[in-house]
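# Summary of the model geometry
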Amino acid sequence: MFSCSVFLGISLLNILRCLHVSACDVNCADKPVLTPSALVVKYGDPASATCVACQKACLSHSDNVIAMEKSVGNTTKNGTTLTWTVDRLTEWALAPKCFYSTVDNQCCTHLSVIVYQPPENVSISLNHTGPLTEHTEYTLQCSVLNVAPARNLVVTFYRGQTKLGQEKATSDSKEPVNERFALSFNASKEDNGAQFWCEAKLELGAYGPQPPPVVKSDNLTATVHYGPKLKVPANPAPIDIPEGETLNLTCLADGNPNPLYNWSLPSKTGNHSEPILTIKSVDSQDAGQYVCTVRNSVSTAQVTFNVNVKVDFTIYIIVAVILAVIVIAAVAAVFYFFYYKQNKMGEYQLKDVFRLGTRHQLIPQSS
């Protein structure tokens, strides 16, 4: 009876030792050594670890307990060496411990186990529908579905191959969760047609898979509306052009939507809506200020040209000389016909009268 009581007491002591492993000493001198010291296992994959319980301490008494505390899997023992195996790991929160227990002490080593699951899906979106407008702030959103553990998740936003920023999850859940990350940016002309995307990476440390698991989103193509961007100076140098030559004024701009053009001319004639204005033969009335207005639904830009028309007076001088000659010739002709010729005619008539009178005097009168 007594021997039975002793046996039960020892058994109970061993059971109590096993039940109170959580209070064991993790800083004891001859503590269990686990290989590997940490496990990173994909959900559903097999796992295993080996534990050498001690080198000397747990060998001093035959009644010392050597065991592996675990919630899943099987343990095989070979002296002070324990091997823990799991065919398919399907628990998210594990805390295996390898320990030995003596009469005076319990000594243990925890096995760090991370069970991970890459994201089921990663997608990118905007907090806006339709075209974006330059100089306006928008938010990119990266949604990560069914990932574990979230605390190891890092999300990176990209525009093309350029990194825009990174965000880390704050959840401490070991089980799969859905996470959403946001990054704000100011839209610009350069973003028009750009490919935005994000990637979710599980950074699991040295014991994790290398390279770390990465899942990328599809590309999001941005359409950005921006005001006219002039391809010419807004205030070019004054233009001097000889009269009669062809005047070409260029007012080019890039914009989305495509900009419309409107010209204001010094002569205020016609309606011009092309980026290039042509006047084939300029004259003095074409001198002055030309204003090209470029606009779309976002904004307006202007280009102002100052045109000086150089008048060539040579032709006017020649014409004036010719006209003067003509006038002088006309006056001379008038003078000739109306004065000189008339005087001559009068003189001839007097001479004729004189001759007739003289002849009359010389003819004798008949009785």
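To be clear, the structure that these remarks concern was listed above.
This section reports on the structure supplied with the text. Nothing here was measured: the structure is a model prediction, and the numbers come from that model. (Residues numbered from 1 in each chain as written. Predicted model: local features only at pLDDT ≥ 70, side-chain atom pairs only at ≥ 80, totals over all residues. Heavy atoms only, no water.)

### A few points about the sheet that holds strand E11 (residues 132–133)
Our working rule: A pair of strands is treated as paired once DSSP finds two or more bridges between them. Put simply, DSSP H or I for four residues or longer makes a helix, DSSP E for two residues or longer makes a strand, and each gets a number counted from the N terminus.
What the three strands build is an open sheet, ordered E11-E19-E22; its pairing is mixed. Two strands bound the open sheet, and with one partner strand each, they are E11 and strand E22 (253–256). Bridge count between E11 and strand E19 (residues 224–230): two bridges; the pairing is parallel. Residue pairing for E19: Leu 132 is matched across the bridge by Val 224.

### Brief notes about the pairing of strand E9 (residues 112–116)
Using the following cut-off: Note on exposure labels: buried denotes an accessible area under 20% of the residue type's maximum, exposed denotes more than 50%, and partly exposed covers the range between, all computed with a 1.4 Å probe on protein chains only.
With four of five residues buried, E9 lies mostly within the body of the structure. Two strands pair when backbone bridges link them, and strand E2 (residues 38–42) and E9 are joined in this way by five bridges, in the parallel orientation. Bridge pairing in E9 links Leu 39 to Val 113.

### A closer look at the sheet that holds strand E1 (residues 33–35)
Worth spelling out the cut-off: Only the stretch in contact is used when a helix axis is fitted, and all axes are lines through C-alpha atoms; the angle between N-to-C directions ranges over 0 to 180 degrees.
Strand order in the open sheet made by the four strands is E1-E3-E6-E5, with antiparallel pairing throughout. Strands at the two margins of the open sheet, each flanked by one partner only, are E1 and strand E5 (74–78). Direction aside, neighbouring strands of the sheet carry axes that sit 20 degrees apart on average. Bridging between E1 and strand E3 (residues 47–52) involves three bridges; their strand directions are antiparallel.

### A look at the packing of aromatic side chains
Here a ring pair, both rings aromatic, is described through the centre-centre distance and the interplanar angle of the planes. Applicable threshold: Each Phe, Tyr or Trp ring (for Trp, its six-membered ring) is paired with any other whose centre lies within 6.5 Å, and the angle between the two planes then decides the class: stacked below 30 degrees, edge-to-face above 60, tilted in between.
Following the criterion strictly, the structure yields five aromatic pairs and no others. The interplanar angle of 35 degrees and the centroid separation of 5.2 Å between the aromatic rings of Phe 185 and Phe 196 together place this pair among those described as tilted. Placement of Phe 185 in strand E15 (residues 177–186) and of Phe 196 in strand E16 (residues 195–202) is noted, with a sequence separation of 11 residues between them. In this structure Phe 196 comes out as buried when scored by relative accessible area, which is 2%.

### Details of the pattern of salt bridges
Defined as follows: Criterion for a salt bridge: a side-chain nitrogen of Lys or Arg within 4 Å of a carboxyl oxygen of Asp or Glu.
Per the stated rule, a full pass over the model turns up four salt bridges. We note a salt bridge from Glu 134 to Lys 229, for which the minimum N-O separation is 3.2 Å. Within this pair, whereas Glu 134 is found in the loop between E11 and strand E12 (137–147), its partner Lys 229 is found in strand E19, the two being separated by 95 residues in sequence. A salt bridge links Asp 191 to Arg 159; the nearest nitrogen and oxygen atoms lie 2.5 Å apart. Separated by 32 residues along the polypeptide, Asp 191 in the loop between E15 and E16 and Arg 159 in strand E13 (residues 153–159) bring together distant segments of the chain. Assessed through its relative accessible area of 2%, Asp 191 is described here as buried. The exposure class of Arg 159 is partly exposed, given its relative accessible area of 29%.

### Looking at a nonpolar patch on the surface
This is how it is decided: Residues with no salt bridge and a relative accessible area higher than 30% make up the patches, which join like charges within 9 Å and nonpolar side chains (Val, Leu, Ile, Met, Phe, Trp, Tyr) within 5 Å. Each accessible area is a Shrake-Rupley result for a 1.4 Å probe, and residues are judged covered by the shown protein chains and nothing else.
A grouping of Ile 318, Val 319, Ile 322, Leu 323 and Ile 326 is seen on the molecular surface, where their side chains present a nonpolar patch of about 430 Å² in accessible area. Mapped onto the elements of the fold, Val 319 is located in helix H2 (residues 314–362). The partly exposed category is assigned to Val 319, whose relative accessible area is 38%.

### So, the state of the cysteines
Note the following rule: The criterion for a disulfide is a pair of cysteine sulfur atoms lying within 2.5 Å.
For the structure on display, the rule yields five disulfides. For Cys 28, the disulfide goes to Cys 107, at an S-S distance of 1.5 Å. Around the S-S axis, the bridge from Cys 28 to Cys 107 shows a dihedral of about 40 degrees and counts as right-handed. Remark: Cys 107 occurs in strand E8 (residues 106–110) and Cys 28 occurs in the loop between helix H1 (2–19) and E1; sequence separation between them is 79 residues. For the pair shown, Cys 28 and Cys 107 are each scored as buried. Between Cys 51 and Cys 98 runs a disulfide, and the two sulfur atoms are separated by 1.8 Å. Sign of the S-S torsion, about -85 degrees for the bond between Cys 51 and Cys 98, identifies this disulfide as left-handed. One end of the pair, Cys 51, is in strand E3; the other, Cys 98, is in strand E7 (residues 97–101), with 47 residues separating them in the sequence. No difference in accessibility class separates Cys 51 from Cys 98, as the two residues are buried.

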